[in-house]
Amino acid sequence: ADGSELATAALDGSLRRFALQPHPRQRTLQPYGEKAVSADLHPDGHRALVALASEIQLWDLSSGRLLQSHKVPGILKVARFSADGKLLVTAGTVVQRWDAATLAPIGSAWQSDSEVQSGQISRDDRYFVGGTQDGAVQCWDLLSGQVKRWKTQSVRVASLEFSPDGQRMVTS
């Protein structure tokens, strides 16, 4: 949250925490099993969300303890916390909203026209935007569930990012 730490989820099944200030140091947390497909830090900087192919895990970075885990519907590619830290969204073959404190699903999962490969929650926590395998960008309204789709490129959307003001997005 304050930029003094970095957390990574690696293909070798480890979650690593790096302290960047005053001198870089690393702490490797217990292996979590299968390969990680996505990771995100909670806005408080003390917890990390790790997405596996079919499960999400919430870790305490201070103690290195696994706090909670939950199976997810479909194939998972992306997991993101909202800016306020109260909501998280997972995406892959389906998009699902979750209560970040309990990992309880919120509402029904939404189908994606094509598998979501990358995604972000808007800074106002209103939209989840996902880049898909077929080169489209889909935007889900997190309150109503309505989705808009734009074909942006001929290959998968590997990454996307909102501008600081939340009015624009860049994809690759």
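Everything here concerns the structure above.
Nothing here was measured: the structure is a model prediction, and the numbers come from that model. (Residues numbered from 1 in each chain as written. Predicted model: local features only at pLDDT ≥ 70, side-chain atom pairs only at ≥ 80, totals over all residues. Heavy atoms only, no water.)

Draft legend 1. Quick peek at the overall build of the protein chain. Looking only at helices and strands, the protein chain features zero helices and 17 strands. Long-range pairs, those at least 24 residues apart, make up 33% of the contacts in the protein chain with a sequence separation of at least 6. (Helix = DSSP H or I, 4+ residues; strand = E, 2+ residues; numbered from the N terminus. Contact = heavy atoms within 4.5 Å.)

Draft legend 2. The sheet that holds strand β5 (residues 47-51), seen in detail. Pairing is antiparallel across the open sheet formed by four strands, whose spatial order is β4-β5-β6-β7. Looking at which strands have only one partner, the edges of the open sheet turn out to be β4 (38-41) and β7 (66-71). Ignoring strand direction, the axes of neighbouring strands in this sheet form an average angle of 15 degrees. Pairing analysis gives four bridges linking β4 to β5, with the strands arranged antiparallel. Considered in β5, the bridge of Ala-39 is made with Val-50. (Pairing = 2+ DSSP bridges. Axes fitted to C-alpha atoms, helices over the stretch in contact; angles between N-to-C directions.)

Draft legend 3. Region of the structure containing the pairing of β5. Burial of β5 is extensive: four of the five residues sit out of reach of the surface. Turn length for the β4-β5 hairpin, with the two strands adjacent in sequence and antiparallel, is five residues, and the turn residue Gly-45 shows positive phi of about 75 degrees. Two elements, β5 and strand β6 (residues 55-60), share five bridges in a ladder whose sense is antiparallel. Looking at the pairing, Val-50 lines up with Gln-57 of β6. Once β5 ends, the chain turns through three residues before running back antiparallel as β6. (Buried < 20%, exposed > 50% of the residue type's maximum accessible area, 1.4 Å probe, protein only.)

Draft legend 4. Fine view of the environment of Trp-140. Along the polypeptide, Trp-140 turns up in strand β14 (residues 136-141). The buried category is assigned to Trp-140, whose relative accessible area is 1%. Separated by 19 residues in the primary sequence, Trp-140 and Ile-121 have C-alpha atoms spaced 9.5 Å apart. Ignoring anything within four residues of it in the chain, the contact list for Trp-140 reads Val-95, Trp-110, Gln-111, Ser-112, Val-116, Arg-126, Tyr-127, Phe-128, Gly-130, Gly-145, Gln-146 and Val-147.

Draft legend 5. Region of interest: the pairing of strand β9 (residues 87-92). A large share of β9 lies buried, amounting to six of its six residues. Neither face of β9 is open: one carries Leu-87, Val-89 and Ala-91, the other Leu-88, Thr-90 and Gly-92, and all of them are buried. The pairing of strand β8 (residues 76-81) with β9 spans five bridges and is antiparallel. The partner of Val-78 across the bridge, within β9, is Ala-91. Joining the antiparallel neighbours β8 and β9 is a turn of five residues, in which Gly-85 adopts a positive phi near 80 degrees. Here β9 pairs with strand β10 (residues 94-99) via five bridges, running antiparallel. Looking at β10, one finds that Val-89 is bridged to Arg-97. Counting the residues in the hairpin turn of β9 and β10 gives one residue.

So, to be careful, I would describe these as geometric facts and stop short of saying anything about function.
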